[in-house]
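# Overview (structure and organization)
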Amino acid sequence: MKWELVLITIVYFIVLFYFIRKGSKKSDSIDDFTVGGWSMGIIVNVGFFTATWVSAASVLGVPSLLYSLGFAAVTGWFAGWFFANALLPFIAYKLRKPKFPVRTIPEFMRLRYEPHVKHSKLQVWSSLIMVVGYISYVTIQITGIGYLVSAMTGLSYQVSIFIFLLFTLVTVLGGVWSVALTDLFNTAVIVVGLAIAAFMILPQVGGVTEMFIQAGQITTPDVVGGTAMTEGGMFSPLGTFSIAAMVGIFLSNSLGASVAPHWPTRLLSAKNVKTAIMTPLLSNAIIFIVFSSLLVIGIGGRVLVPTMPEGMATDQIFPLLITDYMNPVIGGIVLAAIFAAALSTANGMILQSTIAITYDIFRNMSKKRVKDSSFIKITQGLLIVVAIIATLFALNPPAFIAMVAAYVFGLFGAAFIGPMYLGLYWKRVNKQAAYSGSITGVISYVVFSVLIETGTIAGVLPAVVWSVLISLTLMIICSYVFKPAPKEAWEPYFVAEVSESTQETIDKAMQRIKEEDEKKEAAV
Amino acid sequence: MLDNFLGIPSSGWIAIAIWLTVNVVPWIYSLFFVHKINQSGVERWGAKKPKNS
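In this numbering scheme, every chain counts its residues from 1 along its sequence in written order. Going through the entries in the order they are written, you letter the chains from A and number the ligands from 1. Residues qualify for local features only when their pLDDT is at least 70, as the model is predicted, and side-chain atom pairs are given and counted only at 80 or more; totals for whole chains, interfaces and linings, by contrast, use all residues. With hydrogens and water stripped out, all remaining heavy atoms of the structure feed into the side-chain values.

The next thing to look at is the overall build of chain A. Tallying secondary structure elements over chain A gives 22 helices and zero strands in all. Taken over C-alpha atoms, the radius of gyration is set against a globule rule of 2.2 Å times the number of residues to the power 0.38. Relative to the compact-globule value of 24 Å for 524 residues, chain A shows a C-alpha radius of gyration of 23 Å, a close match. With the C-alpha coordinates of chain A rotated into their principal frame, the extents come out at 70 × 50 × 40 Å. Within chain A, buried positions represent 60% of all 524 residues. For chain A, contacts bridging at least 24 residues in sequence account for 83% of all contacts bridging at least 6. To be clear on the numbers: accessible area is Shrake-Rupley with a 1.4 Å probe, and residue cover counts the displayed protein chains and nothing else. Carbon together with sulfur atoms contributes 69% to the accessible area of chain A, which is approximately 19500 Å² in total. A gap of 10 Å separates the mean positions of the 34 positive and 27 negative side-chain charges of chain A. Starting at the N terminus, helices and strands are each numbered in turn, a helix being any DSSP run of H or I of at least four residues and a strand any DSSP run of E of at least two. Note on exposure labels: buried denotes an accessible area under 20% of the residue type's maximum, exposed denotes more than 50%, and partly exposed covers the range between, all computed with a 1.4 Å probe on protein chains only. Contacts are residue-level and defined by heavy atoms, with any inter-residue pair within 4.5 Å sufficient. By the counting scheme adopted, Arg and Lys are positive, Glu and Asp are negative, and His together with the chain ends is not counted. For the purpose of locating charges, the reference atoms are NZ of Lys, CZ of Arg, CG of Asp and CD of Glu.

Put into C-alpha cells, the structure is as follows:
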C-alpha cells in the first residue's frame, strides 16, 4: 500500500471524526435523530443535500457516459438529473409548511391520507418500497467503491468493502446530524477533489478549447470492437438516439429522482420553508461545478485515450486516468473525493432505510408507545445490521440487487409522484386515491419495465412515464368517486394555523407527547 | 458567424443550453415562492418580518 494513500486516509478520517463528534452531540431526541430537529441552516443543509446527490455511481458513471456518448450525455442525463432538482422547490414550498412537519416521507403518506388511523398500512407500504430500493442502491455503491479502492490500493476487495463499512457505521450511528455534518465536509472533499482532477487533465489535452477541438475530430470507437464515432459526433446533442428516445431518457432520469424519499427528507431538515426552497437551488449550483469537472474528465479522457485498452469497459476511464495521468498524491486526493461521494450517499440511504423500519414500520405498528430513547437505541442497533446486510450483499451481489438498483428511481417515481404532488397541491385527494395510485403505480412500473425490456412494446415512452400517468389518472378518478379528504389531512399544507382538531390528530399520529405527560408516564 | 466557441460547435451548445436552462428556470418560480413567503408574514416559514410590524 502506498504511503500517500495512508496519509490522506488518516487526515480524511481525523477531519471526518471531528464532524461525527459534533453531529452525535445533537442526537438526543427523536426529532434530532430522524430529521435534524427541522433546524438546519442553509450551509449545512446544502452540504447535506449535495453530498448525498453526488454518488460514486455518478462520479464514476458520468465520465463513462461522456466518454461513450459525448454531449448526448449532457442532454439526457445531466439535464434530466438537474431537472429533478428543479422540481424540488414545488415540494419544499408545501412540505415544510406545517408547524410540526412530518419526520419521514412514509409519515407524510400517513398524515396526508389517513391521519385518523391508529396504525397506518400506507406508511408501512411506503417504507417497504424505500427499504428495498435503498438497500439495493447502497449495495451497488459499496460494490463500485470496493472495486475502485481495491484496484488503486492493492488491498483485497473484501478488505476494501470492510473499510467502507467501518466508515459508514461511524458516520451513521449519530443520526441525521452526524450524517449532515459529515456530508458538509464530504461536499468540500468532492468539489475540491474533482476540480483538482479536472485541472490535472486540462494541461495534458492542451487546455479547454484544444480539448474540445480534438474531441470533435475523434472517429475511433470507445471500446475495442465498438462502433466508430462520426467526426463531430461527440457534440451531437442527441448522439445516436432519436428525439423521442432522448425525451424518454430525460424523463426517466428526472421524474423518479424528484420524489426519491431522501430528497424531500432533506427539505424537511431545513429550518424553515425558505431554506428548504433554496437548498436544491444552491446545491444545483455546487453540483454544476462538480459536473463541469466531470465533463472535463470524461471528454478529456476520450481525447487522451480515444479507445479504451482491450478488455476494459468505459466505466474504468476515471480510474485509468487517476493511475496513468495523475501523480500519486493527487490520485489519492481524487480517490478520497470518490470515496466521499460513495460514503455520503451510502450513509444517507442506510439511515433512511433503517428509520423506515424502526420509525415507520415498528413504531407505527407497535401497540405500546416506544420511548424516544429506546427508539434511538433500537435504530442504532438496526443501523449496524442493515449496513452489514448491504456489505454482505456486496460481497457477492445477487442478480436481483443489480436489477432493482437500476430501476430504483423509477420505482420511487411510480410510487410517490402522484401521492406527493397531488397531496401537497389538491385538498380533495383522498386515502383511496393514495392507496390505488401508489400501488398501481408500482405494479404498472414493473409490468411496463418487463414489457419494454423484453421488446413486447416499444420503449419510446419509459416505464416511469406510463406508470405515473396511470397512477395520476386513477388518483383523480378515486378522488371524485370517494369522499374528499378530511380537513385534518390537508390543513397543515394549506393554512398557516391549523384548527385544534387537526393539531390533536397530528400529535396523536406522531406520538408527540407533552412534557408533563412524559414525566407522569416516567413516574408510573 | 462563429463555427465554434471554446472549441465546441453550435450543436454542442444546444446540449449545454438545455442543461443551463434547467439550472436557471427554477430560480424564477423559487424566488416567486420566497416572495409569497415574505408576503405571508409567517415567521416560522422564514418571512422577513411580520405583516403588521
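Before going further, it helps to examine the overall build of chain B. Within chain B one finds one helix and two strands. Order of helices (α) and strands (β) in chain B, N terminus to C terminus: β-β-α. Surface exposure of chain B reaches about 3400 Å², of which carbon and sulfur atoms provide 66%.

Residues and elements named next belong to chain A. Within 6.5 Å between ring centres, the rings of Phe, Tyr and Trp (the latter by its six-membered ring) count as paired, and their orientation is classed by plane angle as stacked under 30 degrees, edge-to-face over 60, tilted in between. Under the definition given, this model contains 40 aromatic pairs over all chains. For the ring pair phenylalanine 164 and phenylalanine 339, a centre distance of 5.4 Å and an interplane angle of 80° mean the geometry is edge-to-face. Note that phenylalanine 164 is positioned in helix H8 (residues 157–172) and phenylalanine 339 in helix H15 (residues 328–365), a separation of 175 residues in sequence. Judged on exposure class, the residue phenylalanine 164 and its partner phenylalanine 339 are both buried. One aromatic cluster is present, built from ring pairs that chain together Tyr12, Phe13, Phe17, Tyr18, Phe19, Phe164, Phe167, Phe185 and Phe339. Charge-over-ring contacts are defined here by two conditions on Lys NZ or Arg CZ: a distance within 6 Å of the ring centre and an angle within 35 degrees of the ring normal. A cation over a ring is seen here: arginine 266 above phenylalanine 48, with NZ or CZ 4.1 Å from the ring centre.

Let's shift gears to the pattern of salt bridges. Residues and elements named next belong to chain A. Note on definitions: salt bridges are taken to be side-chain nitrogens of Lys or Arg within 4 Å of carboxyl oxygens of Asp or Glu. Enumeration over the complete set of coordinates arrives at three salt bridges over all chains. A salt bridge links lysine 431 to glutamate 114; the nearest nitrogen and oxygen atoms lie 3.6 Å apart. With lysine 431 in helix H18 (residues 431–453) and glutamate 114 in the loop between helix H6 (105–113) and helix H7 (121–153), the pair connects residues that are 317 residues apart, well separated along the chain. What makes lysine 431 partly exposed here is its relative accessible area of 32%.

All names here are of chain A. Patch members must show over 30% relative accessible area and no salt bridge, and they are joined within 9 Å when carrying like charges or within 5 Å when they are nonpolar side chains of Val, Leu, Ile, Met, Phe, Trp or Tyr. A grouping of Trp3, Leu7, Val11 and Val329 is seen on the molecular surface, where their side chains present a nonpolar patch of about 410 Å² in accessible area. Residue contributions to the nonpolar patch peak at three residues, all from helix H1 (residues 3–24). Secondary-structure assignment places tryptophan 3 in helix H1. The exposure class assigned to tryptophan 3 is exposed, which follows from its relative accessible area of 57%.

Time to look at the interface of chain B and chain A. Listed per partner, the contact involves 28 residues of chain B and 38 residues of chain A. Accessible area that two parts lose when put together, evaluated with a 1.4 Å probe and summed over both, is termed the buried area. At the boundary of chain B with chain A, total buried surface from both sides reaches about 3000 Å², with 76% on carbon and sulfur atoms. Three residues stand out in chain B for area buried against chain A, namely Trp19, Arg44 and Trp45 of chain B, and they jointly supply 27% of the buried area on that side. With its nearest N and O atoms 3.7 Å apart, the salt bridge here joins arginine 44 of chain B to glutamate 497 of chain A. Pairs of N or O atoms are called polar contacts if they sit within 3.5 Å, as long as, within protein, a hydrogen donor faces a hydrogen acceptor (for residues adjacent in sequence, only side-chain-to-side-chain pairs). At the boundary of chain B with chain A, the tally comes to 10 residue pairs in polar contact (both at pLDDT 80 or more). Going through the elements one at a time, strand S2 (8–9) and helix H1 (10–40) of chain B are the ones with two or more residues in the side of chain B that touches chain A. For the side of chain B that touches chain A, the leading source of residues is H1 of chain B, giving 19 residues.

In this section: the packing of H1 of chain A against H8 of chain A. All names here are of chain A. As a rule, the C-alpha atoms of each element are fitted with a line to give its axis, helices using only the stretch in contact, and angles between N-to-C directions run from 0 to 180 degrees. One way to put it is that H1 packs onto H8 with a least axis distance of 10 Å and a crossing angle of 20°. Judged on the interaxial angle alone, H8 and H1 are roughly parallel. Counting all contacts with H1, which are made through Thr9, Tyr12, Phe13, Leu16 and Ile20, the residues of H8 involved are Phe167, Val170 and Thr171. Grouping the constituent residues of the contact of H1 with H8 by class yields six nonpolar, two polar and no charged. Angle categories are assigned with fixed cut-offs, so that under 35 degrees is roughly parallel, over 145 is roughly antiparallel, 65 to 115 is roughly perpendicular, and the rest are oblique. Note that Gly is not counted as nonpolar here; it falls among the polar residues with everything else outside the nonpolar set of Ala, Val, Leu, Ile, Met, Phe, Trp, Tyr, Cys and Pro and the charged set of Asp, Glu, Lys and Arg.

Since the α-helix packs 3.6 residues into each turn, any two residues three or four apart lie on the same face. The span one expects for a helix is its residue count, reduced by one, times 1.5 Å. The end-to-end C-alpha distance of helix H5 (residues 72–95) of chain A is 34 Å, a good match for the 34 Å that 24 residues give at a rise of 1.5 Å each. By the criterion of burial, H5 of chain A is predominantly enclosed, with 22 of the 24 residues buried.

What follows covers the confidence of the model for chain A. The quantity called pLDDT is the predictor's confidence in a given residue, expressed from 0 to 100. Residues at a pLDDT of 70 or more form 97% of chain A, whose mean pLDDT is 90. Element-level mean pLDDT values for chain A span from 54 in helix H22 (residues 515–523) of chain A up to 96 in helix H19 (residues 463–481) of chain A.

Residues and elements named next belong to chain A. Note on placement: serine 283 falls in helix H13 (residues 273–304). Accessibility expressed as a relative area gives 0% for serine 283, which makes it buried. In this view, serine 283 contacts Val46, Phe49 and Thr50; residues no more than four positions away in its chain are not counted.

With that settled, consider the UniProt feature "transmembrane region" (unreviewed entry) in chain B. UniProt positions are given in the numbering used here, feature names are shortened, and annotations may be inferred rather than shown by experiment. Feature annotation in UniProt assigns "transmembrane region" (unreviewed entry) to the following positions: residues 12–34 of chain B. Secondary structure across residues 12–34 of chain B divides into 100% helix and 0% strand, with the first and last C-alpha atoms of the span separated by 34 Å.

Our focus in this paragraph is a positive patch on the surface. A cluster of basic residues, Arg21, Lys22, Lys25 and Lys26 of chain A, forms a positive patch on the protein surface. By the secondary structure assignment, arginine 21 of chain A is in helix H1.

Turning our attention to the environment of isoleucine 161 of chain A. All names here are of chain A. Assignment of secondary structure puts isoleucine 161 in helix H8. A relative accessible area of 1% means that isoleucine 161 is categorised as buried. Between the C-alpha atoms of isoleucine 161 and phenylalanine 83, which are 78 residues apart in sequence, the distance is 33 Å.

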